[in-house]
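What the coordinates show
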Amino acid sequence: MTVHEQYELLEKTIRGYNPSADFAQIRAAFAFAEKAHDGQTRKSGEPYIIHPLAVAQIVAEELKLDSESIEAALLHDVIEDTPASHADISKLFSPTIASLVEGVSKLTRIQYATKEDEQMENLRKMLIAMSKDIRVILIKVADRLHNMRTMEYQSPAKQKQKSLETMEIYAPISHRLGMQRIKWELEDLSLKYLDPIGYQEIVSNLDSKRQEYDFFMRRTQEQIDERLDQLDIPHIVYGRIKHPYSIYRKMFNQNKSLDEIFDLFAFRVIVDTVGDCYNVLGVIHDIFKPILGRFKDYIGTPKPNGYQSLHTTVMGGDGIPFEVQIRTREMHEIAEYGVAAHWKYKQGGQGSGSEGRYEWVRRLLENQEGADAEDFIHSLKVDMFSDEVFVFTPNGDVQNLPAGATPIDFAYAIHSAVGNRMVGAKVNGRIVPFEHVLKNGDIVEIMTSKNAKGPGRDWMKIARSSEARSKIRQWFKKEKRDENIVNGRSAFEAELKHCGIPMKDVTAPENLPGLLKKISYGTLDELYAAIGYGGFTAQKAVSRMQSELQRIAKQHQVEKQVLEAVEAKIEEAPKAPPAPKAVKSEQGIIVEGLDNCLVKFSKCCTPVPGDEIVGFITRGYGVSVHRADCPNASLERRTAPDQADRWIKVSWGSDTNESYPTTLEVVCKDRQGLLLDISAALSTTNTFVLGINSRSTEDDFAIFRLEVRMRDSQQLSTLMNRLHQISGVLKVVRPAG
Ligand code: MN
């Protein structure tokens, strides 16, 4: 076929699906490309124009794209390979076509070495992200398909490299965009170069059984055709054999021979309506025996990439199982051409102006379910709605950064040491300021120096990624402690002032430890340092301290009340004799000059009514009552300068409780039956016993500790006398102190 004939075929193909295409412009694009590539040849020896023409043919035949896409396909290599410029194309054709061509050229410039999976995924994302217009990636895929179809002329090394790239980048992208036919062809072509022996084995195996398979396919197709005709269901039915790469993968993964592959054959029935899809399913299940668990309704639940169809596997004649896919014409087009088909439909509908360029893709994807779908939606959103940016290191590694990222983010993404030593940055070979915003595909180089003074304080504002920010914060935390303390202290003091808290409240020795504990810092300097490097805020510190100060204040309220009341009484005393007033007691205790004051009985001496007692004003727990003879209430203590004003007079009221817990110690010469006698004494005196503890000493003494409840000191002394009378008892004492 001459170049001219091939061009005529292209026009004919376009006319077949888009009669109103702009043929004058398409012809002009062809003429421009032919002239620009004049004198260039392909490896096959053919004139170079054959390639763009073939790419345009794929874009028309396989993807049925619009005039602009055809023109861009014809021109796709002129910027890269000829003197023609973006401006030329923009002027001669249109800015849109120029940017499509520019987009394809950019993708062509990217070099992909084989990387680990994650890098591959980033590369795929980046390619889609760089294709601001989805048509760019569609044309690029067509370009790759033609290059793979003509790969035989390349060197074996180049064949392997391109095939690997196709298998890892372009086939998955085609799958994502729902272009099954192209995906299969790309996979088969890649396999042919990646594992020539494996590929050949499958192909020759299929060839050797061709007759047998053809007969089976023809007969099965006739069976289906016949029944559907009888039922008057308009349809197209055809069969296919699984494509070689998919057989290869099954044989390889499941270690099966060709004969053991379940769904080697597939038939496709294309009908007019969704209703007919289910009708046909019923018919198929009537003619052939369905295999359980193999029915899938992708019409009710479409696949993530928009694929819709009914799938079932049935048993044919001779016990050969095969798959049947049933779908409408529209579902079929979407299955075969994917996003391209949607694009076509969208174009036909003209759409409302408010709808964003990718809105239809997004809506298509958002209706899907499942983890895979979520993944796909996420990646497409990320890519097409750009909240990520993909850039290269000088070695060609891809770094994935949030949109708006700067060289600072890039440097810290490489390593914190690179960030901390950064003195400058180059993007695509040119020096840029630190706040320069990175774009997809940029090659970023960081200049470092051992003498770098480290990140500036403004870097926190320039960095976009949380990773960079936290690494910068780390640096300030470690390297600039003194400076941080000064800065942190002034921020803290300003906040205190703002909240009306005097500094001395914070530094007061009785408050500080509790306050620091509340915010989990050991010292004020540590707190200042943290505020200084941004690890903690002055606002948080002050607000937590404020609530702690309030709590302390509340706790001290009782104590304050007590002290104030005592002082007031002392001042009042000389003026007038106290007015007689009803004396109220708390638990039978009258605290001099105070009503309703919290009272507790000291554990050391357990006083009972009748005992001479004194009171001690505790910190926060009201008045503690001791026996006057308790060592803890000794004269020495009562007159100590720091405590003297805390000791106050207390006395028993007339309304004492029924009983009070108190403790006795009985020291005896040990003998048999002693405990029995003590028990008898307790019982005959009607003593309420809370507990008895006894221990023997090495020198044959026994000490009993009795916890009892007593009405008053009189009852207590009766009991003590009674115990004393027991033979062997040496001492009965009330322990104190
Ligand atoms: Mn090309």
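Cut-offs and rules
- Residues numbered from 1 in each chain as written.
- Predicted model: local features only at pLDDT ≥ 70, side-chain atom pairs only at ≥ 80, totals over all residues.
- Heavy atoms only, no water.
- Helix = DSSP H or I, 4+ residues; strand = E, 2+ residues; numbered from the N terminus.
- Polar contact = N/O pair within 3.5 Å; in protein donor to acceptor, adjacent residues only side chain to side chain.
- Contact = heavy atoms within 4.5 Å.
- Axes fitted to C-alpha atoms, helices over the stretch in contact; angles between N-to-C directions.
- Parallel < 35°, antiparallel > 145°, perpendicular 65-115°, else oblique.
- Nonpolar A, V, L, I, M, F, W, Y, C, P; charged D, E, K, R; others polar.
- Donors = N, O, S within 2.8 Å, 3.2 Å for Na, K, Ca; no water.
- Buried < 20%, exposed > 50% of the residue type's maximum accessible area, 1.4 Å probe, protein only.
- Phe/Tyr/Trp six-rings, centres within 6.5 Å; stacked < 30°, edge-to-face > 60°.
- Lys NZ or Arg CZ within 6 Å of the ring centre and 35° of its normal.

Here we take up the side chain of His311. Secondary-structure assignment places His311 in strand β5 (residues 310–315). Polar side-chain contacts of His311 include one of 2.7 Å to the side chain of Tyr307. In this structure His311 touches Arg294, Phe295, Lys296, Tyr298, Glu323, Val324 and Gln325, once residues within four positions along its chain are discounted.

Here we take up the packing of helix α12 (residues 196–208) against helix α14 (residues 244–254). Two numbers describe how α12 lies on α14: the axes approach to 10 Å, and their chain directions differ by 110°. Here α12 lies roughly perpendicular to α14, going by the angle between them. Between α12 and α14, the contacting residues are Gly198, Tyr199, Ile202, Val203 and Leu206 on the first element and Pro244, Ile247, Tyr248 and Met251 on the second. The residue makeup of the contact of α12 with α14, split by class, is 8 nonpolar, 1 polar and no charged.

Another point: the coordination of the manganese ion. Ideal geometry at a metal centre gives angles of 109.5 degrees when four donors are arranged tetrahedrally and 90 or 180 degrees when six donors are arranged octahedrally. Protein-derived coordination of the manganese ion comes from His51 (NE2), His76 (NE2), Asp77 (OD) and Asp143 (OD), at a distance range of 2.2 to 2.5 Å. In primary sequence terms, the donor set of the manganese ion follows H-x24-H-D-x65-D. Taking the relative accessible area as the measure of exposure, His76 reaches 1% and is therefore buried. Assessed through its relative accessible area of 5%, Asp77 is described here as buried.

The subject of this paragraph is the packing of aromatic side chains. Going through the model one piece at a time under the given rule, you end up with 18 aromatic pairs. Their ring planes at 70° and their centres at 5.1 Å tell us that Phe267 and Phe322 sit as a pair that is edge-to-face. Of this pair, Phe267 sits in strand β2 (residues 265–271) while Phe322 sits in strand β6 (residues 321–328), and the two are 55 residues apart along the sequence. A relative accessible area of 1% places Phe267 in the buried class. Ring centres 5.7 Å apart and planes at 55° place the aromatic pair Phe492 and Tyr528 in the tilted group. Residue Phe492 is located in helix α24 (residues 481–499), and its partner Tyr528 is located in helix α27 (residues 524–533); the two are separated by 36 residues in the primary sequence. With respect to burial, Phe492 and Tyr528 carry one shared label: buried. Through a chain of ring-to-ring contacts, the aromatic side chains of Tyr213, Phe216, Phe265, Phe267, Phe288 and Phe322 assemble into a single cluster. Its guanidinium or amino end placed over the ring of Phe23, Arg15 lies 4.4 Å from that ring's centre, counting from NZ or CZ. Positioned above the aromatic ring of Phe701, the side-chain terminus of Lys669 is 4.7 Å from the ring centre.

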